[in-house]
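Next come the chains, spelled out residue by residue.
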Amino acid sequence: MTAPLTEHADSRTDAYAVRLEAVSKMYGKDLLALDRVSLAVRPGEFVCLLGASGCGKSTLLNLVAGLDDVSGGEISSGSKIAMMFQEPALFPWLTVNANVEMAMRAEKVGKDERRARAQELLDLVHLGAFGKKRPHELSGGMRQRVALARALAQEADVLLMDEPFGALDAMTRDILHDELERIWRERRPAVLFVTHNVREAVRLGDRVVLLSSRPGRVVEDFPIELPRPRRTDSAEVATLAATITDRLREEVGRHGR
Ligand SMILES: Nc1ncnc2c1ncn2[C@@H]1O[C@H](COP(=O)(O)OP(=O)(O)OP(=O)(O)O)[C@@H](O)[C@H]1O
């Protein structure tokens, strides 16, 4: 279950990588997208956020990233945050190397160190030989790997991922799950990963947090204690995913959507 949000926890700033307390978001006067969402992610924890379309998952990530303001409640995160989207959003006119280095330029990292770190990160995502290519010369899965390398280049301790593999075929997604897990285990950022794919959430998460249909509220927090690495097509993942899917259906049904 989600860690209790107590006064005591409040004073230990590094107990959480990200912490939302009763966060609400209104768009305009009448659209309540999120309703008093409380959620805490510990350093190094992998949390998947699951919910029906339109329940406010992207809104929540944008608020955590500081791209938009909350309407109520509080978000705290003492950490450096990087974000990855469904579209890799690479600069098409820049090489793969330059795309990854771009994240370090803003940090004023010197040229030689930028080069070396970009190469190391591209090796890490198995694209070491593709640094001179441009994004259009790569497959969708490879472009997402570049986006992952670029996110990692920011040396963030929180990685926000908004359906990063949603546009990929099942096989490529499977491979990227393995890669992401390997990298996460090596570097241990806290990850908040949005998806509406239940099996993907069970495959990856230490916890799966289920949001209700709009307005998004946390309805359940499932700890996933299956040993890693997991396989999306394993019986254990399928069984747990079926339980969570039933709960999700119930929730969607309740809201008539
Ligand atoms: N900038 C905005 N202005 C007005 N309404 C918005 C804005 N962004 C999102 N919404 C609305 O807020 C609700 C939540 O949207 P959000 O994109 O966060 O949901 P989601 O769970 O990520 O959806 P999906 O799974 O379909 O991507 C939706 O009803 C959406 O139409």
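By convention here, each chain's residues receive numbers from 1 onward along its written sequence. For this predicted model, a pLDDT threshold of at least 70 governs which residues receive local features, and a threshold of 80 or more governs which side-chain atom pairs are given and counted, while totals over whole chains, interfaces and linings are taken from all residues.

## Topic: the overall build of the protein chain
(1) Moving on: Broken down by element type, the protein chain carries eight helices and nine strands.
(2) Moving on: Radius of gyration (C-alpha) of the protein chain: 18 Å, near the 18 Å computed for a compact globule of 257 residues.
(3) Moving on: Counting only C-alpha atoms, the protein chain reaches 50 × 40 × 35 Å along its principal axes.
(4) Moving on: Throughout, a pair of residues is in contact if the C-beta atoms placed from their backbones lie within 7 Å. Taking contacts inside the protein chain between residues at least 6 apart in sequence as the whole, the part at least 24 apart equals 74%. What counts as a helix is a DSSP run of H or I of at least four residues, what counts as a strand is a run of E of at least two, and both are numbered from the N terminus. Radius of gyration here is computed from C-alpha atoms only, and the compact-globule reference equals 2.2 Å multiplied by the residue count raised to the power 0.38.

## Concerning the site of the ligand
(1) Moving on: Residues are classed as near a molecule or strand if the C-beta position derived from their backbone is within 6 Å of it. Taken together, the neighbourhood of the ligand is formed by 13 residues, with Tyr 27, Ser 53, Lys 57, Ser 58 and Thr 59 sitting nearest.
(2) Moving on: For the shell around the ligand, the secondary-structure elements that each account for two or more residues are strand E2 (31-41) and helix H2 (57-65).
(3) Moving on: Here the shell around the ligand takes three residues from H2, the largest share from any one element.
(4) Moving on: Residues are grouped as follows: nonpolar covers Ala, Val, Leu, Ile, Met, Phe, Trp, Tyr, Cys and Pro; charged covers Asp, Glu, Lys and Arg; every other residue, Gly included, is treated as polar. In terms of residue class, the shell around the ligand is made up of four nonpolar, seven polar and two charged.

## Brief notes about the sheet that holds strand E6 (residues 158-162)
Adjacent strands of a sheet form backbone hydrogen bonds with each other and so pair up, either parallel or antiparallel.
(1) Moving on: For two strands to be treated as a pair, DSSP must find no fewer than two bridges joining them. One open sheet accounts for six strands, arranged E5-E6-E7-E3-E8-E9; its pairing is mixed. Two strands close off the open sheet at either side, each with one partner strand: strand E5 (81-84) and strand E9 (218-223). With strand direction ignored, the average angle separating the axes of adjacent strands in the sheet is 15°.
(2) Moving on: Judged from the five bridges that link them, E6 and strand E7 (residues 190-195) form a sheet pairing that is parallel. Paired with Asp 162 across the bridge in E7 is Val 194.
(3) Moving on: Each of strand E3 (46-50), strand E8 (207-211) and E9 is contacted by helix H8 (residues 235-254), which is oriented at about 15° to E8, the strand it contacts most. In this analysis, axes come from line fits to C-alpha atoms, helices being fitted only over the stretch in contact, and the angle between any two N-to-C directions falls in the range 0 to 180 degrees.

## Focus on the nonpolar core
(1) Moving on: By definition, a nonpolar core groups buried Ala, Val, Leu, Ile, Met, Phe, Trp, Tyr and Cys residues that connect through C-beta atoms lying within 7 Å of each other. Burial is judged by counting the other C-beta atoms within 10 Å of a residue's own C-beta: 20 or more makes it buried, 12 or fewer makes it exposed, and any count in between marks it as partly exposed, with every C-beta position built from the backbone. With 64 residues, the main nonpolar core has Leu 49, Leu 50, Leu 192 and Phe 193 as its most contacted residues.
(2) Moving on: Those residues in contact with Phe 193, other than ones at most four positions away along the chain, are Phe 46, Val 47, Cys 48, Leu 49, Met 161, Leu 204 and Gly 205.

## Here's the deal with unusual backbone geometry
Peptide bonds are mostly trans, and most non-glycine residues show a negative phi.
(1) Moving on: Between Arg 214 and the following residue, Pro 215, the backbone shows a cis peptide bond with an omega angle of -5°.
(2) Moving on: In this structure, Arg 36 takes a positive phi of about 50° despite not being glycine.
(3) Moving on: Residue placement: Arg 36 occurs in strand E2.
(4) Moving on: Accessibility expressed as a C-beta count within 10 Å gives 16 for Arg 36, which makes it partly exposed.
(5) Moving on: Although it is not a glycine, Ala 89 sits at a positive phi angle of roughly 50°.
(6) Moving on: As for its placement among the helices and strands, Ala 89 is situated in the loop between E5 and helix H3 (96-105).

## Regarding the UniProt feature "domain: ABC transporter" (unreviewed entry) in the protein chain
(1) Moving on: UniProt positions are given in the numbering used here, feature names are shortened, and annotations may be inferred rather than shown by experiment. Sites flagged by UniProt as "domain: ABC transporter" (unreviewed entry) map to residues 18-238.
(2) Moving on: Across residues 18-238 one finds 34% helix and 26% strand; the C-alpha atoms that close the span lie 29 Å apart.

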